[in-house]
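Structural overview
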Amino acid sequence: MRINITVFTIQKSKNRAVEALVDEYAKMIKRFAKIEEKVLFNKDIALSQTKGEKEAKLSYTKAYEPYLKGYNIALDVKGQRLDSFEFSKIFEKSLNVNFFIGGAYGFEDGFLGKTQKVISLSNLTYAHKIAKVVLFEQIYRGLCIKANHPYHK
């Protein structure tokens, strides 16, 4: 059985160079799993981000909450820091794995509590598009580890 991975983002605009990297990793990931990205940026998110943190976090929750099915992982500064081997174990939890990349203000605690895992990619803060590239690379690396493919060495 193949793993189905969905990466949910609220990225406002796309950058061709960044998307080329994401597409490259997505193509490699497809050897091991089905992967797709769902961009959920909308007017409510755009407007709320001009109002403040509380409104922005609420808009992220409203956009993401309907997709909380399967094994859900939020990427948030408050999350657990994993090494690549620990990250690879995520793919043993379920055949349906969803990643949610936090917005500029992160997530509401209530949303984080509805996910099965909260992770941080680094002690550093990344722009949304950079976090997405790092996540896609780690997904590929994790799947390679799981498959004993030499990429991760």
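Refer to the structure presented above.
What you are looking at is a predicted structure, and each value in this text was computed from that prediction instead of being measured.

Structural notes on the overall build of the chain
Across its full length, the chain carries six helices and five strands. When the helices and strands of the chain are read in sequence order from the N terminus, they spell out β-α-β-α-α-β-α-β-α-β-α. Taken against the 2.2 N^0.38 rule, which gives 15 Å for 153 residues, the C-alpha radius of gyration of the chain at 15 Å falls within 12% of a compact globule. When the backbone C-alpha atoms are referred to their principal axes, the chain occupies close to 45 × 35 × 30 Å. By residue count, 46% of the 153 residues in the chain fall in the buried class. Summarising the internal contacts of the chain: among those between residues at least 6 apart in sequence, 83% fall at separations of at least 24. Accessible area of the chain: about 8400 Å², with a carbon and sulfur share of 51%. The averaged location of the 16 negative side-chain charges in the chain is 4 Å from the averaged location of its 26 positive side-chain charges.

Overview of the layout of surface pockets
For the largest pocket, the calculated volume is near 510 Å³. In terms of lining residues, the largest pocket is bounded by 28 residues, among which Leu 75, Gly 102, Gly 103, Thr 125 and Tyr 126 are the most central. Among the secondary structure elements, those contributing two or more residues to the lining of the largest pocket are α3 (53-64), β3 (71-81), β5 (117-120) and α6 (128-146). It is β3 that contributes the most residues to the lining of the largest pocket, four residues altogether. A per-class count over the lining of the largest pocket returns 15 nonpolar, nine polar and four charged. Estimates place the volume of the second largest pocket at around 190 Å³. Lining the second largest pocket we find Asn 42, Asp 44, Leu 47, Ser 48, Lys 51, Glu 55, Leu 58, Ser 59, Lys 62 and Ala 63. Of all elements in the fold, only α2 (43-51) and α3 reach the threshold of two or more residues within the lining of the second largest pocket. The element contributing the most residues to the lining of the second largest pocket is α3, with five residues. Here the residues of the lining of the second largest pocket are counted per class, giving three nonpolar, three polar and four charged.

Examining the nonpolar core
Grouped together as the largest cluster of nonpolar side chains are 29 residues, with contacts concentrated most on Ile 5, Phe 91, Phe 99, Ile 139 and Leu 143. Going through the elements one at a time, β1 (3-9), α1 (16-29), β2 (33-39), β3, β4 (96-101) and α6 are the ones with two or more residues in this core. Among the elements that take part in this core, α6 stands out by supplying eight residues, more than any other. Those residues within four positions of Phe 99 in sequence are excluded, and the remaining contacts are Ile 5, Thr 6, Val 7, Phe 8, Ile 73, Leu 75, Phe 87, Ile 90, Phe 91, Leu 135 and Ile 139.

Reading guide: rules and limits
- Residues numbered from 1 in each chain as written.
- Predicted model: local features only at pLDDT ≥ 70, side-chain atom pairs only at ≥ 80, totals over all residues.
- Heavy atoms only, no water.
- Helix = DSSP H or I, 4+ residues; strand = E, 2+ residues; numbered from the N terminus.
- Rg over C-alpha atoms; globule rule 2.2 N^0.38 Å.
- Buried < 20%, exposed > 50% of the residue type's maximum accessible area, 1.4 Å probe, protein only.
- Contact = heavy atoms within 4.5 Å.
- Areas by Shrake-Rupley, 256 points an atom, 1.4 Å probe, with all protein chains shown as cover.
- Lys, Arg positive; Asp, Glu negative; His and termini not counted.
- Charge placed at Lys NZ, Arg CZ, Asp CG, Glu CD.
- 1 Å grid on protein atoms, 1.4 Å probe; cavity = no way out; pocket = protein on both sides within 12 Å on 5 of 7 lines; lining within 4 Å.
- Points joined across faces, edges and corners; volume = space filled by probe spheres on them.
- Nonpolar A, V, L, I, M, F, W, Y, C, P; charged D, E, K, R; others polar.
- Core = buried A, V, L, I, M, F, W, Y, C linked by side-chain atoms within 4.5 Å.

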